[in-house]
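These are the residues of each chain, in order.
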Amino acid sequence: GFWEIDVLITTRNGYPIAMLKSLEDDAHVKTRICQYESLKNGKALYLAKQFVIGKVEGQNILLNKYGLEPYRSVIPIVKSLKEPNLKMLRRRLVQIEGKNSQHYFKTIFQLFPRELRPTNRKGFKAYDGLNNTFNLAYMLLFWKCYRALIKAHLEPYLGFLHSLRFGRPSLVCDFVELYRHLADDFVIQYCQKLKPKDFKAKKENMGFKGKKISKRIYLDNRKTDDMTNRLHDYFRREVNVPRIKRGEKQELETLINEEAMLLGKYLRNEREAWTPRIAIP
């Protein structure tokens, strides 16, 4: 026998860049065959909705935690969608989810110190420090979800809400949506005592062939290391979500692993439905 050890390779600033896995991780063919078949048997339509519903539920939980107004009309709209194919459904879901996220971030930005607040949410190649702090938290969450899906023998590049695109693990992107509110909660708490001096500017190439050099703002190295360590600790905290077999509580990281396993069971027809359990931060 042998021991399976998860190995995650990161940069000095804590950005995960690679993961080592056992050669036997690809030996469980049935799960992935069922995942491919879901694109034709209707399960993909159901799952795409479930990821959006789970994300919105998490966002509303966080808004309620901080006494802010949730966006309650989204979930009934998503449930009522009748688009006949996944491409059309994705288009509608992305429109609905995008509008909801605009409201959500505009609202939670009120919780941050005024000198750190951006005017809007920016993901890829953000310039300001707060958006890049969110991006760092989401990157760490991304790899926790990636590892959970690999352990559940799922194909990370075959998603349901996010479309297939070369080089993008779309199922991982789907899964991250269920836990973004937890990363958001961490960032809200962590940033309360941050000052502009905790960030640094870095010149980077933002254009084709190095023709556009711009300054982007990040947490400095000391704060990046501190935040990364604290975020790992945050995902080891217990929440009141019962485990599959026994126990009324479990760590957030365990919950992510269990949800990936339950998704696999649904795809293999071992469960009639899959309703993600959304943790309360």
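Residues numbered from 1 in each chain as written. Predicted model: local features only at pLDDT ≥ 70, side-chain atom pairs only at ≥ 80, totals over all residues. Heavy atoms only, no water.

Draft legend 1. Main features of the overall build of the chain. Scanning the chain from N- to C-terminus turns up nine helices and six strands. Sequence-distant contacts, at least 24 apart, represent 62% of the contacts inside the chain between residues at least 6 apart. Working note: accessible area of the chain is about 15,300 Å², and carbon and sulfur atoms make up 53% of it. (Helix = DSSP H or I, 4+ residues; strand = E, 2+ residues; numbered from the N terminus. Contact = heavy atoms within 4.5 Å. Areas by Shrake-Rupley, 256 points an atom, 1.4 Å probe, with all protein chains shown as cover.)

Draft legend 2. Broad picture of the packing of helix 5 (residues 129–151) against helix 7 (residues 180–190). It is at 10 Å that the axes of helix 5 and helix 7 come closest, and there the two elements cross at 135 degrees. With respect to each other, helix 5 and helix 7 are oriented oblique. For helix 5 against helix 7, the interelement crossing comes out right-handed. Contacts between helix 5 and helix 7 involve L130, T133, F134, A137, Y138 and L141 from the first element and R180, A183, D184 and V187 from the second. Residues of the contact of helix 5 with helix 7, tallied by class, amount to seven nonpolar, one polar and two charged. (Axes fitted to C-alpha atoms, helices over the stretch in contact; angles between N-to-C directions. Parallel < 35°, antiparallel > 145°, perpendicular 65-115°, else oblique. Left-handed = near helix turned anticlockwise from the far one by under 90°. Nonpolar A, V, L, I, M, F, W, Y, C, P; charged D, E, K, R; others polar.)

Draft legend 3. Summary view of the layout of surface pockets. Roughly 710 Å³ of volume is contained in the largest pocket. By volume, the second largest pocket is sized at about 520 Å³. Those elements that place two or more of their residues in the lining of the second largest pocket are helix 2 (43–65), helix 4 (86–108) and helix 7. Counting residues per element, the lining of the second largest pocket draws most heavily on helix 4, which supplies nine residues. Taken together, the residues of the lining of the second largest pocket break down into eight nonpolar, nine polar and nine charged. (1 Å grid on protein atoms, 1.4 Å probe; cavity = no way out; pocket = protein on both sides within 12 Å on 5 of 7 lines; lining within 4 Å. Points joined across faces, edges and corners; volume = space filled by probe spheres on them.)

Draft legend 4. Up close: the nonpolar core. Counting residues in each nonpolar core, the largest one holds 77 residues, and the members touching the most others are F51, F134, F175, Y179, V187, L263 and W274. Counting only elements with at least two residues in this core, the list comes to helix 2, helix 3 (74–80), helix 4, helix 5, helix 6 (170–176), helix 7, helix 8 (221–234) and helix 9 (252–267). Sorting elements by how many residues they give to this core places helix 5 first, with 14 residues. Look past the residues within four positions of F134 in its chain and what remains in contact with it is F105, I108, F109, F112, R121, D184 and V187. (Core = buried A, V, L, I, M, F, W, Y, C linked by side-chain atoms within 4.5 Å. Buried < 20%, exposed > 50% of the residue type's maximum accessible area, 1.4 Å probe, protein only.)

Draft legend 5. Fine view of the side chain of E155. In this fold, E155 is placed in the loop between helix 5 and helix 6. A distance of 2.9 Å separates a polar atom in the side chain of E155 from the backbone nitrogen of Y157. Dropping the residues within four chain positions of it, E155 is found in contact with R32, Q35, Y36 and L171. (Polar contact = N/O pair within 3.5 Å; in protein donor to acceptor, adjacent residues only side chain to side chain.)

Draft legend 6. Region of the structure containing the packing of helix 7 against helix 8. It is the contact of helix 7 with helix 8, at a shortest axis distance of 11 Å, that shows an interaxial angle of 135 degrees. As judged from the angle between their axes, helix 7 and helix 8 are oblique. Our pair here, helix 7 against helix 8, has a crossing hand that is right-handed. Across from L182, D185, F186, V187 and Y190 in helix 7, the residues of helix 8 making contact are K223, D226, M227, R230, L231 and Y234. For the contact of helix 7 with helix 8, the residue count by class is seven nonpolar, no polar and four charged.

Draft legend 7. Spotlight on the environment of G54. Note on placement: G54 falls in helix 2. Sequence separation between G54 and I278 is 224 residues; the distance between their C-alpha atoms is 6.7 Å. Every residue in contact with G54, bar those within four places of it in the chain, is listed here: L178 and I278.

Draft legend 8. Main features of a nonpolar patch on the surface. Side chains of V7, I9 and L20 sit close together on the surface and give an oily, nonpolar patch of about 220 Å² of accessible area. Within the fold, L20 resides in strand 2 (residues 16–20). The partly exposed category is assigned to L20, whose relative accessible area is 49%. (Patch = residues over 30% accessible without salt bridge, like charges linked within 9 Å, V, L, I, M, F, W, Y side chains within 5 Å. Salt bridge = Lys/Arg side-chain N within 4 Å of Asp/Glu carboxyl O.)

Draft legend 9. Structural detail: the pattern of salt bridges. Per the stated rule, a full pass over the model turns up 17 salt bridges. Linking E258 and R243 is a salt bridge whose minimum nitrogen-to-oxygen distance equals 3.5 Å. Residue E258 is found in helix 9, and its partner R243 is found in the loop between strand 5 (238–239) and strand 6 (250–251); the two are separated by 15 residues along the sequence. Judged by relative accessible area, E258 falls into the buried class, the value being 6%.

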